[in-house]
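Residue-level structure breakdown
So you can see what is in the structure, the chains are spelled out below.
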Amino acid sequence: MADIYDTFRDIGIIPVVAIEDASKAADLAHALVKGGLPASEVTFRTACAAEAIEAMIKAEPNMLVGAGTVLNVEQAERAVKAGAKFIVSPGYNPDVVDWCIKNNIPTMPGISNPSEITACINKGVTHLKLFPAERKGGYKIIDDFGGPFPQCTFMPTGGVTTENVGEYAKRKNILCMGGTWMVKKPLIEGEKWDEITQICKDAVKAMHNFHIDHMGINAKNEEEAKEIAKQFELFGFASKFGNSSIFASEQVEIMKQNGRGTCGHISMVCNNVERALAFLKPYGFSPVMETAKWMGKENASPLKVVYLDKEVGGFAIHLKRA
Ligand code: 3PG
């Protein structure tokens, strides 16, 4: 079974739900799944939170449903009894953390400064919620935390939106992002399920931020590659010689030999290659692992570049981390 934290990373955005009427939970779950966000942090700010967790799991058994705003052990117990797969808190409460560790329940305590992070690390808890993210410095503070706390990954919530989710998503010490922006109270109360689905889809698109940065041309050999590069120089595209290819500016890569793709290749940039692969898997795309390049040490995540096994319009596609 996949590690639950890999599932957080792969889904990428965890909708933070405050629901007043548990009878709406099933429709909400369907709307989120349809929008590409099969996850929910159901907050214990409302009386029916436990009931809503149960209803969501019943409606969408494969959804990752957990509890949020868990302030004490009693709430954690109720949440897990209702089926919650994880416990999130806005702050660091050692009792809740100890209870989760003892009961083997994944937990993300809330932190907003180095002292709280240190307390969590000393409990062996390294996946943490940054709250309130935007007010505490947003992705910049997450970059800063990466220095002294390389073992930690973060789930920022508080002020995350479709506009800034992509900036968070590209950080290497971000596990996933959280927020209420796709499940605002009026949307749930007004049963605006299609609108919720659309906001989720827009958020997913912004999170990946797929865009093309270069195209690849397949030459037969080095001589032909040089000839092609010379032609691009006419347009002012300077040649940059590499081992297996020549770049004509940043936009065109001329493969010296054995270039992939019937017509060539397209370099598709995204914010996180692992998350993009998880997104593409249901559409029948798999990575060609012998083409993988990593950000750091070989075989150690995160991936930097990897080709997909299916062509699009005659072009091989490689994903490339932004
Ligand atoms: C939370 O409970 O995690 C935050 O209140 C979510 O913040 P947001 O409403 O700004 O998304």
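Residues numbered from 1 in each chain as written. Predicted model: local features only at pLDDT ≥ 70, side-chain atom pairs only at ≥ 80, totals over all residues. Heavy atoms only, no water.

Helix and strand counts for the protein come out as 12 helices and 17 strands. Overall size of the protein, expressed as C-alpha extent along the three principal axes, is 70 × 45 × 35 Å. Evaluated residue by residue, the protein yields a buried proportion of 49% over its 322 residues. Residue pairs in contact within the protein that sit at least 24 positions apart in sequence constitute 61% of those at least 6 positions apart. With an accessible surface of roughly 15500 Å², the protein has 52% of that area assigned to carbon and sulfur atoms. A distance of 2 Å separates the average location of the 36 positive side-chain charges in the protein from that of its 38 negative side-chain charges. (Helix = DSSP H or I, 4+ residues; strand = E, 2+ residues; numbered from the N terminus. Buried < 20%, exposed > 50% of the residue type's maximum accessible area, 1.4 Å probe, protein only. Contact = heavy atoms within 4.5 Å. Areas by Shrake-Rupley, 256 points an atom, 1.4 Å probe, with all protein chains shown as cover. Lys, Arg positive; Asp, Glu negative; His and termini not counted. Charge placed at Lys NZ, Arg CZ, Asp CG, Glu CD.)

Attention now goes to the pairing of strand β3 (residues 64-68). When you tally the buried positions in β3, you get 5 out of 5 residues, the bulk of the element. Burial along β3 is two-sided: the residues Leu 64, Gly 66 and Gly 68 and Val 65 and Ala 67 are all buried. Each parallel crossover has a hand, and for strand β2 (residues 39-43) linked through helix α3 (residues 49-59) to β3 it is right-handed. (Right-handed = clockwise from strand over helix to strand, strands pointing away.)

As a further point, take helix α7 (residues 138-146). Within the span of α7, buried status applies to Gly 138, Ile 141, Ile 142 and Phe 145. Mapping the buried residues of α7 onto a view down its axis gives an arc of 105°, with all of them on the same face. In α7, those exposed residues whose orientation departs by more than 90 degrees from the buried face are Lys 140 and Asp 144. The elements touched by buried residues of α7 are β6 (110-111), α6 (114-122), β7 (127-130), β8 (153-156) and α8 (165-169). (Arc of directions from axis to C-beta.)

Turning our eyes to something else, we now look at the pattern of salt bridges. In this structure the tally under the stated criterion is 15 salt bridges. Its salt-bridge partner being Glu 167, residue Lys 170 comes within 3.3 Å of it at the nearest N-O pair. Among the ionic contacts, a cluster of salt bridges with common partners joins Asp 143, Glu 167, Lys 170 and Arg 171. (Salt bridge = Lys/Arg side-chain N within 4 Å of Asp/Glu carboxyl O.)

As a matter of local geometry, the ligand sits amid Val 16, Arg 45, Lys 129, Phe 131, Thr 157, Gly 158, Gly 159, Gly 179, Thr 180 and Lys 184. Contact distances for the ligand include 3.1 Å between an oxygen atom and a side-chain N or O atom of Thr 157. In the model, an oxygen atom of the ligand is placed 2.5 Å from a nitrogen or oxygen of the Thr 180 side chain. Expressed as a share of its isolated accessible area of 320 Å², the protein-covered part of the ligand is 80%. Looking at the shell around the ligand residue by residue, the classes come out as 2 nonpolar, 5 polar and 3 charged. (Near = heavy atom within 4 Å. Polar contact = N/O pair within 3.5 Å; in protein donor to acceptor, adjacent residues only side chain to side chain. Nonpolar A, V, L, I, M, F, W, Y, C, P; charged D, E, K, R; others polar.)

A word on unusual backbone geometry. Of note, the amide linkage connecting Phe 131 to Pro 132 takes the cis form, showing an omega dihedral of -10°. Mapping Pro 132 onto the fold places it in the loop between β7 and α7. Look at Thr 69: it is not a glycine, yet its phi comes out positive at around 50°. By secondary structure assignment, the location of Thr 69 is in the loop between β3 and α4 (73-82). Thr 69 gets classed as buried once you look at its relative accessible area, which sits at 14%.

A few words on the domain arrangement of the protein. As far as domains go, the protein holds domain 1 (2-208) and domain 2 (211-321). For domain 1 and domain 2, the distance between their C-alpha centres works out to 35 Å. Between domain 1 and domain 2, the buried area comes to about 950 Å², and carbon and sulfur atoms account for 47% of it. Its largest share of buried area at the contact with domain 2, domain 1 owes to Arg 9, Asp 10 and His 208, together 56% of the area lost on that side. Scanning the region where domain 1 abuts domain 2 turns up 0 salt bridges. Inspection of the domain 1/domain 2 interface yields 6 residue pairs in polar contact (both at pLDDT 80 or more). (Domains from an automatic or database assignment. Buried area = accessible area lost by both parts, 1.4 Å probe.)

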